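The chain contents come next:
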Amino acid sequence: MAGEITGRNVEKYIYKMLPKRDAVVAEMERYAEKHGVPIIGPAVARMLYLLAQISGAKRIFEMGSAIGYSTIWLARAAGPRAEIYYTDGDPANAQRARNYFRRAGVEKRIRVMTGDALKMIDSVPGKFDMIFIDVNKDQYPSALRKALPRLKSGGLLLTDNTLWSGKVTRKAKDAATRGVQKFNREIYASRVLFPVIIPLRDGVAVCRKA
Ligand SMILES: C[S@@+](CC[C@H](N)C(=O)[O-])C[C@H]1O[C@@H](n2cnc3c(N)ncnc32)[C@H](O)[C@@H]1O
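Remember, predicted model here, so these are calculated numbers, not experimental data. (Residues numbered from 1 in each chain as written. Predicted model: local features only at pLDDT ≥ 70, side-chain atom pairs only at ≥ 80, totals over all residues. Heavy atoms only, no water.)

1. Some remarks on the packing of aromatic side chains
- Throughout the structure, instances matching the rule amount to seven aromatic pairs.
- Between Tyr-69 and Trp-73 the ring centres are 6.4 Å apart and the planes differ by 55°, which places this aromatic pair in the tilted class. Of the two residues, Tyr-69 and Trp-73 both sit in helix 4 (residues 69-78), four residues apart, roughly one turn of that helix.
- Classification of Tyr-69 as buried rests on a relative accessible area of 1%.
- Looking at Trp-73, the relative accessible area reads 12%, which means it is buried.
- Among the aromatic residues, those joined into a cluster by ring pairs are Tyr-49, Tyr-69 and Trp-73. (Phe/Tyr/Trp six-rings, centres within 6.5 Å; stacked < 30°, edge-to-face > 60°. Helix = DSSP H or I, 4+ residues; strand = E, 2+ residues; numbered from the N terminus. Buried < 20%, exposed > 50% of the residue type's maximum accessible area, 1.4 Å probe, protein only.)

Now the structure itself:
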């Protein structure tokens, strides 16, 4: 339960109500917990799922996918005609993710790419219906610069950890907090984005591009 922006009791309350996940997703949650992999978790995953379904997003680029937990939720929400781009810098994560995608029956919808997501997005032509940013936090302003021109008009930019355990409210010296603070300032200053930061778990920024 990273962040706990809303307080421990409210956070516990939200998580207690969540329906059980299927075997593959539940196994991913257990693996992430055991090995300290920072996944969005089921409460935020449900929000991503809902936004993908409401918006009808099919072409989705994810920056920072780790073991593919958020990727599976997006792939399921977007359905069989989806084209989801998984990206991660760690090939071992990608190998594990591929295995989960196959077992979850969504491997045909997902292109797995290993390397720097901010560079790899340049190698995929066309615009995206949705871009999800979850890379290293000091890279958030650069990720925004890369993502924005690649989002179609009416597309959604979603970003995790935008309240960064509340550290965004204080004067920060570390690059990660500064990165998130700069990112937040820039989305709210943007003329083309309509942002809302939702204080769920560690804060999720939801932006629609005009
Ligand atoms: C917070 S985790 C992603 C979790 C995933 N979105 C989920 O919720 O299931 C961040 C991941 O991004 C990767 N990463 C960080 N910066 C990256 C970059 N510039 N390009 C590709 N991967 C990156 C890390 O290796 C790590 O696995």
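2. Side note on the site of the ligand
- Taken together, 20 residues sit near the ligand, with Ile-40, Asp-88, Ala-117, Asp-134 and Gln-139 positioned nearest.
- In the model, an oxygen atom of the ligand is placed 2.8 Å from a nitrogen or oxygen of the Ile-40 main chain.
- Within the backbone of Ala-117, one N or O atom sits 2.8 Å away from a nitrogen atom of the ligand.
- Burial of the ligand by the protein chains amounts to 88% of its free accessible area of 600 Å².
- Going through the elements one at a time, helix 4 and helix 6 (117-120) are the ones with two or more residues in the shell around the ligand.
- The residue makeup of the shell around the ligand, split by class, is nine nonpolar, eight polar and three charged. (Near = heavy atom within 4 Å. Polar contact = N/O pair within 3.5 Å; in protein donor to acceptor, adjacent residues only side chain to side chain. Areas by Shrake-Rupley, 256 points an atom, 1.4 Å probe, with all protein chains shown as cover. Nonpolar A, V, L, I, M, F, W, Y, C, P; charged D, E, K, R; others polar.)

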